[in-house]
There are 4 protein chains.
Amino acid sequence: MFPIDARDSRPIYEQIIDQIKEQVMKGILKPGDQLPSVRQLASMLTVNANTVMKAYTELERQEVIETIRGKGAFIAMMPSKVISEKQIIEVRKALKSSFVAMHYMGMSKQEVMAEIEKIYDELSKEEE
Amino acid sequence: MFPIDARDSRPIYEQIIDQIKEQVMKGILKPGDQLPSVRQLASMLTVNANTVMKAYTELERQEVIETIRGKGAFIAMMPSKVISEKQIIEVRKALKSSFVAMHYMGMSKQEVMAEIEKIYDELSKEEE
Amino acid sequence: MFPIDARDSRPIYEQIIDQIKEQVMKGILKPGDQLPSVRQLASMLTVNANTVMKAYTELERQEVIETIRGKGAFIAMMPSKVISEKQIIEVRKALKSSFVAMHYMGMSKQEVMAEIEKIYDELSKEEE
Amino acid sequence: MFPIDARDSRPIYEQIIDQIKEQVMKGILKPGDQLPSVRQLASMLTVNANTVMKAYTELERQEVIETIRGKGAFIAMMPSKVISEKQIIEVRKALKSSFVAMHYMGMSKQEVMAEIEKIYDELSKEEE
DNA sequence: GTGGTCTAGACCACT
DNA sequence: GTGGTCTAGACCACG
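Keep in mind the model is a prediction, meaning the values are calculated, not measured.

Engineer: Help me understand the overall build of chain A in this model?
Structural biologist: Counting its regular elements, chain A contains five helices and two strands. Counting from the amino terminus, chain A carries its helices and strands in the arrangement α-α-α-β-β-α-α. Projected onto its principal axes, the C-alpha coordinates of chain A cover approximately 50 × 35 × 30 Å. A buried classification covers 40% of the 128 residues belonging to chain A. Nonlocal contacts in chain A, meaning residues at least 24 apart in sequence, comprise 49% of its contacts between residues at least 6 apart. Carbon and sulfur atoms make up 53% of the accessible area of chain A, which totals about 7500 Å².

Right under this line is the structure:
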């Protein structure tokens, strides 16, 4: 379904969260679509069920998905737009940190911008 | 000297690393400039000396600073240029993750781009 | 598991690093093999866990091992190939220093060469 | 006189010791030759006099030089040939460590051997 | 004074 | 269980 890298420094449950959000953004997953069950996804990704559970719980908290008892988990109908100040500060810090890192990798602002465009293209392009 | 946020999810030593790199990028710290000693910075930030030590060690490894035995730590003369494939992949993932997060915060690509410009301005503007 | 000499002038964490690299080179440890956990190795060697941690962190940075969160540390699949100019200069200095020392011990070039062959044999010979 | 690198990881006093031994080995300094005084050498190298003192003391202990009160320091007449088991073990460890490092830098045994020959050539060639 | 190593022990995040 | 961060405090080598 999607690639999980156990060697990645980012925790697996976070990778799952991001992958699902990404698929929604790309339109691969649409509002109302049903997600695989915790156990199913766990066996697909060969990770622990608790790890998937943690991802789903967090996704629900963020209102990206909705879980209905006895039915399963579904992509939420209404995209959440509650933006907390905290989140904005967090993402700004993350961006700044990335830019400093890229600067130290010898990339000019232009090169960084090109990289950003590239990533944005990927995100809007629907993949199989 | 610079702000350390104990409640931040990122480890303290990483925050120190980023702050110093940022100050170099802004031109506040220039090649050859002496950094505060490990113990000094530790007491300034009210963190443990070992934590500062860890940051300095990593900065030296990245060739951002040079330490001279018995003398102290200094901003490196030669900007480092060693880039590993791993680093590039990491930073791309980080960017993508930020963009997905911003999308979920309801920001359009244009708004994201404006945000990026703003952060870049901050990074090139010398602060007091 | 392997010998650590507290009286050795070289730091313990460096001795651990070298021992593990040596075992990989000899083929005793193979790509994918799991290493003892930080705490296990610490108690085996009767050193502090932080000391072993430091060694593992550095080995990961050098891409000799990979650590997987919650699972443990493993010998890396891909042999690392990142070489910095600095490292080459360092190792040349170390060699020169050794040769000067051996000369002062009254060893001729031939004797030195014989010694080198002997050490190389040891390194390629798989030990129990 | 000879190059001292404060940024080098090796202590300055050790660099001085090695440089003097190297010059003796190359024949630039011959038995009976007078060395510069501690203060002279210190100012030549722009290092602390205590540091040079430490180097001279160690060189005398190793019987590489002889100091005569009121006269100065001289290269020893008899090359010392006392070899302690300890020294041999030390130098073997150093060599092994270098070889492992070179192996990890992707150098084959042949390449290492070529490197060794090169260093040996340098050591026998009298320089200005 | 400086950096660097090491210990002991706590606490956290992840699986 | 695993690695990872952090503190507090000791001791050493170097200049």
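Now that the structure is up, let's keep going.
Engineer: Any chance you could explain the protein's contact with DNA strand F here in plain terms?
Structural biologist: Neighbouring DNA strand F are 25 residues; Ile-12, Asn-50, Thr-51 and Arg-69 of chain B together with Met-53 of chain C lie closest to it. Within 4 Å of the protein, atoms of DNA strand F come from sugar and phosphate in 72% of cases. Between DNA strand F and the protein, one listed contact pairs a phosphate oxygen with a side-chain N or O atom of Tyr-13 of chain B at 2.7 Å. Take Lys-54 of chain B: an N or O atom from its side chain is 2.9 Å from a phosphate oxygen of DNA strand F. Counting residues per element, the ones that place at least two in the surface near DNA strand F are helix H1 (12–26) and helix H3 (49–61) of chain B, helix H2 (38–45) and helix H3 (49–61) of chain C together with helix H1 (12–26) and helix H3 (49–61) of chain D. Each residue belonging to the surface near DNA strand F can be placed in one class, and the counts come to nine nonpolar, 10 polar and six charged.

Engineer: Explain the packing of helix H5 (residues 109–124) of chain A against helix H4 (residues 85–104) of chain B here, please?
Structural biologist: Any two packed helices are characterised by the angle at which their axes cross and by the distance between the axes. Two elements in contact, H5 of chain A and H4 of chain B, have axes whose closest approach is 10 Å; the angle formed by their N-to-C orientations is 60 degrees. Put simply, H5 of chain A runs oblique to H4 of chain B. Viewed along their axes, H5 of chain A and H4 of chain B form a crossing whose handedness is right-handed. Residue-level contacts link Glu-115, Ile-116, Lys-118, Ile-119, Tyr-120, Glu-122 and Leu-123 of chain A of H5 of chain A to Arg-92, Leu-95, Lys-96, Phe-99 and Val-100 of chain B of H4 of chain B.

Engineer: Would you mind showing me how to read the relation of the copies chain B and chain A here?
Structural biologist: A rotation about an axis combined with a shift along that same axis relates the two copies of the chain. Once chain B has been moved 0.1 Å along the axis and rotated by 179 degrees, it coincides with chain A to within an RMSD of 0.4 Å. The two molecules are tied by a two-fold rotation axis, judged by turn and shift. Nearest to the rotation axis, the C-alpha of Leu-95 of chain B is located 3.4 Å from it, this being the minimum over chain B. Comparing interface residues between copies, 98% of those in chain B also sit at the interface in chain A, which points to an isologous, same-surface contact.

Engineer: Could you clarify how one ought to interpret the packing of aromatic side chains in this entry?
Structural biologist: For any two aromatic rings, the description comes down to two numbers: the centre-to-centre distance and the angle of the planes. Overall, the coordinates contain four aromatic pairs over all chains when judged by the stated rule. Judged by centre distance (5.0 Å) and plane angle (25 degrees), the ring pair of Tyr-120 of chain A and Phe-99 of chain B falls under stacked. Of this pair, Tyr-120 of chain A sits in helix H5 while Phe-99 of chain B sits in helix H4, each in a different chain. Just above the ring of Tyr-13 of chain B sits the side chain of Lys-54 of chain B; from NZ or CZ to the centre is 4.5 Å. Sitting over the face of the ring of Tyr-104 of chain C, Lys-21 of chain D holds its NZ or CZ atom 5.5 Å from the ring centroid.

Engineer: Would you mind showing me how to read the environment of Leu-35 of chain B here?
Structural biologist: Residues and elements named next belong to chain B. Tracing the sequence through the fold places Leu-35 in the loop between H1 and helix H2 (38–45). In this structure the C-alpha to C-alpha distance between Leu-35 and Glu-60, which are 25 residues apart in sequence, comes to 12 Å. When residues no more than four places from it in sequence are discounted, the contact partners of Leu-35 are Leu-29, Tyr-56, Ile-65, Ala-73, Phe-74 and Ile-75.

Engineer: Before we go on, may I ask you to explain the pairing of strand S1 (residues 65–68) of chain C in this structure?
Structural biologist: Side chains on a regular strand alternate between the two faces of the sheet. Residues and elements named next belong to chain C. Where S1 lies against strand S2 (residues 72–75), four bridges are found, and the strand directions are antiparallel. When the sheet's bridge partners are listed, Ile-68 is paired in S2 with Gly-72. Counting the residues in the hairpin turn of S1 and S2 gives three residues, including Gly-70, whose phi is positive at 80 degrees.

Engineer: Even after reading the chapter, I still don't get the environment of Thr-67 of chain C, so can you show me in this structure?
Structural biologist: Residue and element names in this part refer to chain C. Tracing the chain through its elements places Thr-67 in strand S1. Spatially, the C-alpha atom of Thr-67 lies 23 Å from that of Pro-3, the residues being 64 residues apart in sequence. Excluding anything up to four places from it in sequence, Thr-67 contacts Glu-60, Gly-72 and Ala-73. Here Glu-60 takes part through its side chain, which lies 2.7 Å from a polar atom of the side chain of Thr-67.

Engineer: Even after reading the chapter, I still don't get the UniProt feature "domain: HTH gntR-type" (unreviewed entry) in chain A, so can you show me in this structure?
Structural biologist: Following the UniProt record, one finds the feature "domain: HTH gntR-type" (unreviewed entry) at residues 10–78 of chain A. Taken end to end, residues 10–78 of chain A is 52% helix and 12% strand, and its two terminal C-alpha atoms sit 28 Å from one another.

Engineer: Would you explain the nonpolar core in this entry?
Structural biologist: Nonpolar side chains in soluble globular proteins tend to end up buried together. Ranked by size, the top nonpolar core spans 71 residues in total, and within it Tyr-56, Phe-99 and Ile-116 of chain C together with Ile-16, Tyr-56, Phe-99 and Ile-116 of chain D carry the most contacts. Residues contacting Tyr-56 of chain C, with those up to four places away along its chain left out, are Ile-20, Leu-35, Pro-36, Val-38, Leu-41, Ile-65 and Ala-73 of chain C. Ile-20, Val-52 and Ala-73 of chain A together with Met-105 of chain B belong to the second largest nonpolar core, which has 69 residues in total.

Engineer: Explain the protein's contact with DNA strand E here, please?
Structural biologist: DNA strand E sits among 26 residues. The nearest are Met-53 of chain B together with Ile-12, Tyr-13, Asn-50 and Thr-51 of chain C. Between DNA strand E and Tyr-13 of chain C there is a distance of 2.7 Å, counted from a phosphate oxygen to a side-chain nitrogen or oxygen. Within the contact set of DNA strand E, a phosphate oxygen lies 2.7 Å away from a side-chain nitrogen or oxygen of Thr-51 of chain C. The set of elements that each furnish at least two residues to the surface near DNA strand E consists of helix H1 (12–26) and helix H3 (49–61) of chain A, H2 and H3 of chain B together with helix H1 (12–26) and H3 of chain C. Here the residues of the surface near DNA strand E sort into nine nonpolar, 11 polar and six charged.

Engineer: Help me understand the side chain of Glu-115 of chain B in this model?
Structural biologist: Relative to the helices and strands, Glu-115 of chain B resides in helix H5 (residues 109–124). Within the structure, Glu-115 of chain B has its side chain in polar contact with the side chain of Arg-92 of chain A (distance 2.4 Å). For Glu-115 of chain B, the residues in contact, after removing those within four places along its chain, are Arg-92 of chain A together with Met-102 and Met-107 of chain B.

So, how was this worked out
- Residues numbered from 1 in each chain as written.
- Chains lettered and ligands numbered in written order.
- Predicted model: local features only at pLDDT ≥ 70, side-chain atom pairs only at ≥ 80, totals over all residues.
- Heavy atoms only, no water.
- Helix = DSSP H or I, 4+ residues; strand = E, 2+ residues; numbered from the N terminus.
- Buried < 20%, exposed > 50% of the residue type's maximum accessible area, 1.4 Å probe, protein only.
- Contact = heavy atoms within 4.5 Å.
- Areas by Shrake-Rupley, 256 points an atom, 1.4 Å probe, with all protein chains shown as cover.
- Near = heavy atom within 4 Å.
- Polar contact = N/O pair within 3.5 Å; in protein donor to acceptor, adjacent residues only side chain to side chain.
- Nonpolar A, V, L, I, M, F, W, Y, C, P; charged D, E, K, R; others polar.
- Axes fitted to C-alpha atoms, helices over the stretch in contact; angles between N-to-C directions.
- Parallel < 35°, antiparallel > 145°, perpendicular 65-115°, else oblique.
- Left-handed = near helix turned anticlockwise from the far one by under 90°.
- Least-squares fit on C-alpha atoms with pLDDT ≥ 70 in both.
- Phe/Tyr/Trp six-rings, centres within 6.5 Å; stacked < 30°, edge-to-face > 60°.
- Lys NZ or Arg CZ within 6 Å of the ring centre and 35° of its normal.
- Pairing = 2+ DSSP bridges.
- UniProt positions renumbered as here; feature names shortened; annotations may be inferred.
- Core = buried A, V, L, I, M, F, W, Y, C linked by side-chain atoms within 4.5 Å.

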